[in-house]
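Inside the fold
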Amino acid sequence: MRITKFTSELPAVQRGKAIEVQVNGRRAQAFEGELISTVLQAEGISVFGRKHQTGRPSGIYCGMGVCYECLVTVNGAGNIRACQTLVADKMKIETEAQVKP
Ligand code: FES
């Protein structure tokens, strides 16, 4: 979910150009300048993967590129940090969230 209504207490959000990406095979709207993690969370996805040893969920943890908890697959390339990678038009983003442990 993105902020769409503004109050006088919040400054207006300046968004980049609207683009379209694919998230787990479904079309999704994004904006230039957004991180992959932002788009995934806007799509309601907070679990990006599962720990191989325990099956526990992983997703945004540090939000600054240190923990590697937010790895996703982008255009077929794995191990991309969603919190450090900007979206691009027609990008294909895949999470492991749909895979049951
Ligand atoms: S959330 Fe820690 S590296 Fe992305």
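As shown above, the structure is provided for reference.
Brief notes about the pattern of salt bridges
Counting across every chain of the model gives 3 salt bridges. The salt bridge involving Arg26 is made with Glu43; its shortest N-O contact spans 3.9 Å. You can see Arg26 sitting in strand β2 (residues 26-31) and its partner Glu43 sitting in the loop between α1 (36-42) and β3 (49-50), a full 17 residues away along the chain. The partner of Glu69 in a salt bridge is Lys51, with the nearest N and O atoms 2.3 Å apart. Of the two residues, Glu69 is situated in the loop between β4 (57-58) and β5 (71-74) and Lys51 in the loop between β3 and β4; the sequence distance between them amounts to 18 residues.

What to know about the pairing of β5
Only one face of β5 is covered, namely the face carrying Val72 and Val74; the face carrying Leu71 and Thr73 is uncovered. As paired strands, β5 and strand β6 (residues 77-81) are joined by 3 bridges and run antiparallel to one another. Across the sheet, residue Leu71 finds its bridge partner in β6, namely Arg81. Counting the residues in the hairpin turn of β5 and β6 gives 2 residues, including Asn75, whose phi is positive at 50°.

Focus: the nonpolar core
Of all hydrophobic cores here, the largest spans 18 residues; its most connected members are Val21, Val23, Ile36, Leu40, Val72, Val87 and Ile93. Among the elements of the structure, β1 (18-23), β2, α1 and β5 are those that each provide at least two residues to this core. Here Val21 is in contact with Arg26, Arg27, Ala28, Ala30, Val39, Val87, Ala88, Met91 and Ile93, once residues within four sequence places are set aside.

Regarding a nonpolar patch on the surface
A surface patch of nonpolar side chains, about 330 Å² in accessible area, is lined by Ile3, Phe6, Leu10 and Val13. As for its position among the elements, Phe6 is in the segment before β1. We classify Phe6 as partly exposed; its relative accessible area is 36%.

Structural notes on the layout of surface pockets
If you add up the space inside the largest pocket, you get close to 230 Å³. Around the largest pocket, the lining comprises 15 residues; the ones closest to its centre are Arg50, His52, Ser58, Leu71 and Glu96. Elements supplying a minimum of two residues to the lining of the largest pocket: β3, β5 and β6. Here the lining of the largest pocket gets 3 residues from one element, more than from any other, and that element is β5. A breakdown of the residues in the lining of the largest pocket according to their chemical character gives 5 nonpolar, 6 polar and 4 charged.

Each value, and the rule that gives it
Residues numbered from 1 in each chain as written. Predicted model: local features only at pLDDT ≥ 70, side-chain atom pairs only at ≥ 80, totals over all residues. Heavy atoms only, no water. Salt bridge = Lys/Arg side-chain N within 4 Å of Asp/Glu carboxyl O. Helix = DSSP H or I, 4+ residues; strand = E, 2+ residues; numbered from the N terminus. Buried < 20%, exposed > 50% of the residue type's maximum accessible area, 1.4 Å probe, protein only. Pairing = 2+ DSSP bridges. Core = buried A, V, L, I, M, F, W, Y, C linked by side-chain atoms within 4.5 Å. Contact = heavy atoms within 4.5 Å. Patch = residues over 30% accessible without salt bridge, like charges linked within 9 Å, V, L, I, M, F, W, Y side chains within 5 Å. Areas by Shrake-Rupley, 256 points an atom, 1.4 Å probe, with all protein chains shown as cover. 1 Å grid on protein atoms, 1.4 Å probe; cavity = no way out; pocket = protein on both sides within 12 Å on 5 of 7 lines; lining within 4 Å. Points joined across faces, edges and corners; volume = space filled by probe spheres on them. Nonpolar A, V, L, I, M, F, W, Y, C, P; charged D, E, K, R; others polar.

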